[in-house]
Amino acid sequence: MGGFREFLTKSNALALAIGVILGGALGSVVNSLVNDILMPPIGWALGGVDFASIQTVLGTDSNGQQVVISWGLFINAIIVFVIVALVVYLIAKMFIKEAPPAGPTAEETLLTEIRDELRKRAV
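Every residue gets a number counted from 1 within its own chain, in the order that chain's sequence is written. Side-chain atom pairs in this predicted model are given and counted only at pLDDT of 80 or more, local residue features only at pLDDT of at least 70, and totals for whole chains, interfaces and linings cover all residues. Side-chain measures here rest on the full set of heavy atoms in the structure, leaving out hydrogens and waters.

**Q** Would you explain the pattern of salt bridges in this entry?
**A** Pairing is possible between side chains that carry opposite charge, provided their charged atoms lie close to one another. The salt bridge criterion pairs a side-chain nitrogen of Lys or Arg with a carboxyl oxygen of Asp or Glu, the two atoms within 4 Å. Inspection of the entire model under this criterion finds 2 salt bridges. Here aspartate 116 makes a salt bridge to arginine 115, at a shortest N to O gap of 3.1 Å. The residue arginine 121 makes a salt bridge to glutamate 117 at a minimum N-O spacing of 3.7 Å. Within this pair, arginine 121 and its partner glutamate 117 are both found in helix H4 (residues 106-122), separated by 4 residues, close to a single helical turn. The exposure class of arginine 121 is exposed, given its relative accessible area of 64%. Partly exposed residues are those whose accessible area sits between 20% and 50% of the maximum for their type, while under 20% is buried and over 50% is exposed, using a 1.4 Å probe and protein chains only. By relative accessible area, which is 36% here, glutamate 117 ends up partly exposed. A run of H or I in DSSP becomes a helix once it reaches four residues, and a run of E becomes a strand once it reaches two; helices and strands are each numbered from the N terminus.

**Q** Quick question: what am I supposed to make of the confidence of the model for the protein chain here?
**A** Keep in mind that low pLDDT regions are not for reading the predicted coordinates in detail. Known as pLDDT, the predictor's confidence for each residue is given on a scale from 0 to 100. Scored by pLDDT, the protein chain has a mean of 83; 96% of the residues are at 70 or more. Across the protein chain, H4 holds the top mean pLDDT of 93, while helix H1 (residues 2-10) sits lowest at 70.

Structural data, given as structure tokens:
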């Protein structure tokens, strides 16, 4: 058990698990935002189109069920993906800061001084 605790505290496994849980919750919130808030006014503005019901009927199968391609649901899924990707990008940009570029190492500084000294002697 101690090894597992050490693994969780010294690796990013715990942060990853938290991210997955929050991502799942964010996904359902964004899904509701798209399906319940965004798409109805967009459909209304386009003349009363219900995107969830846009589909192409290909025919019927052997059980008498319609075989359909649900274009509207696909459009909703694309919008959900774009919003989730945007939110994840903004959160990552807010929390993940790039480290400032490191200055020259002691070895690089010494080599630069040697180079400069050799140039002075060559002139």
